[in-house]
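So the chains spell out like this:
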Amino acid sequence: MNINWYPGHMKKTKEEIQNNLKLVDIVLEIIDARIPESSRNPMLDEILGDKPRLIVMNKSDLADNKVNRMWINKFKGEGIPATLMNSKEKINVSRIYDLAKAELSEKFERIEAKNIENKVIRMMIVGIPNAGKSTFINNIAKRKSANVGNRPGVTKTKQWIKTNANIELLDTPGVLWPKFDEETGLNLSYTHAIKDEILNIEDLTLKFLEKMKEDYPENLNERYGIDQEKPALEIYEDIARKRGAVTKGGDFDYTRTANIILTDFRSGKLGRITLERP
């Protein structure tokens, strides 16, 4: 499958991030814990340069907990502090602040040396579409301050958000990059970072079932009660049959079944799944 999605506003966002870096102390990169590599925009390394950075592995409650820890250790080894988070629950704001302050130790030493009372950290939030940036911001700010939607690309304008924790957040729209390999494209599509409307979700679901057969076969059996040893297409059709996704003529409704399977994965009903390992 050839998957690419790079709307015009994403090019503009890249330029905005570059222009606004001077306004912030640190960048907080929100990634999807189910696809830690695919949900990191490779353009950010070039854009951010030496700017201090934190990583929040969002949706960690939907990801494989053992693999979560593996990724935390990998990022730590690269010199980037990372933390797990489920932005739908109460966020440990003090942990975010402490991680950022540790990365900005030189700045705070200079402030203290000048006897200046300024504990505020200005933080830019970046991430791909549907990584949970807006939900995270609304949670940490304890008010509905950013536009949120379950469709990628809802947040499209720059927003400053003040919090009660000496953190000021600069929100940016979710941004992808012009070209990525097939595996990355599939991972972004599975997690809805790329809109279903531009995809062939029947083919996408078949690829997903092949991935599940390889990495999480027991999840398929537990959720759908099917023989996970069968070929992916037969599993697809068994799920359609068990979920009643069959037409009056007796044909399988592959589109309806695809929506059932992808929704189960995205909502966590298929279990805690991570599609990439360090």
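Residues numbered from 1 in each chain as written. Predicted model: local features only at pLDDT ≥ 70, side-chain atom pairs only at ≥ 80, totals over all residues. Heavy atoms only, no water.

### Brief notes about the layout of surface pockets
In this model, the second largest pocket occupies a volume close to 230 Å³. Lining the second largest pocket are 19 residues, with Glu37, Ser38, Arg40, Asn41 and Pro42 positioned closest to its centre. It is helix α7 (residues 182–190) that contributes the most residues to the lining of the second largest pocket, 3 residues altogether. Of the residues assigned to the lining of the second largest pocket, the class counts are 5 nonpolar, 4 polar and 10 charged. (1 Å grid on protein atoms, 1.4 Å probe; cavity = no way out; pocket = protein on both sides within 12 Å on 5 of 7 lines; lining within 4 Å. Points joined across faces, edges and corners; volume = space filled by probe spheres on them. Helix = DSSP H or I, 4+ residues; strand = E, 2+ residues; numbered from the N terminus. Nonpolar A, V, L, I, M, F, W, Y, C, P; charged D, E, K, R; others polar.)

### As for the pattern of salt bridges
It is possible for side chains of opposite charge to pair when their charged atoms get near one another. With the rule as written, the count across this model stands at 15 salt bridges. A salt bridge links Glu78 to Lys74; its shortest N-O distance comes to 2.5 Å. Overall, the relative accessible area of 42% leaves Glu78 in the partly exposed class. By sharing partners, the salt bridges in this structure join Glu29, Arg40, Asp45 and Arg53 into a single network. (Salt bridge = Lys/Arg side-chain N within 4 Å of Asp/Glu carboxyl O. Buried < 20%, exposed > 50% of the residue type's maximum accessible area, 1.4 Å probe, protein only.)

### Topic: the confidence of the model for the protein
Mean pLDDT for the protein: 86, with 90% of residues reaching 70 or above. In the predicted structure, residues 144–156 sits below a pLDDT of 50 and forms 38 contacts with residues beyond four places in sequence or in another chain. (pLDDT = per-residue confidence, 0-100. Contact = heavy atoms within 4.5 Å.)

### Some thoughts on the pairing of strand β6 (residues 167–171)
In terms of burial, β6 is a largely internal element, 5 of the 5 residues being buried. Strand direction decides the pairing type here: strand β4 (residues 121–127) and β6, joined by 5 bridges, are parallel. Within β6, the position partnered with Arg122 by the bridge is Glu168. (Pairing = 2+ DSSP bridges.)

### A word on the pairing of strand β1 (residues 26–32)
Within β1, 7 of the 7 residues are buried, which leaves the element mostly enclosed by the surrounding structure. Neither face of β1 is open: one carries Ile26, Leu28, Ile30 and Asp32, the other Val27, Glu29 and Ile31, and all of them are buried. Pairing geometry for β1 and β4, over 5 bridges, is parallel. In the strand pairing of β4, Glu29 is matched with Val126. Across 6 bridges, the pairing between β1 and strand β2 (residues 53–58) is parallel. Its bridge partner lying in β2, Leu28 is registered against Leu54. With respect to chirality, the unit in which β1 leads through helix α2 (residues 43–48) into the neighbouring parallel β2 is right-handed. (Right-handed = clockwise from strand over helix to strand, strands pointing away.)

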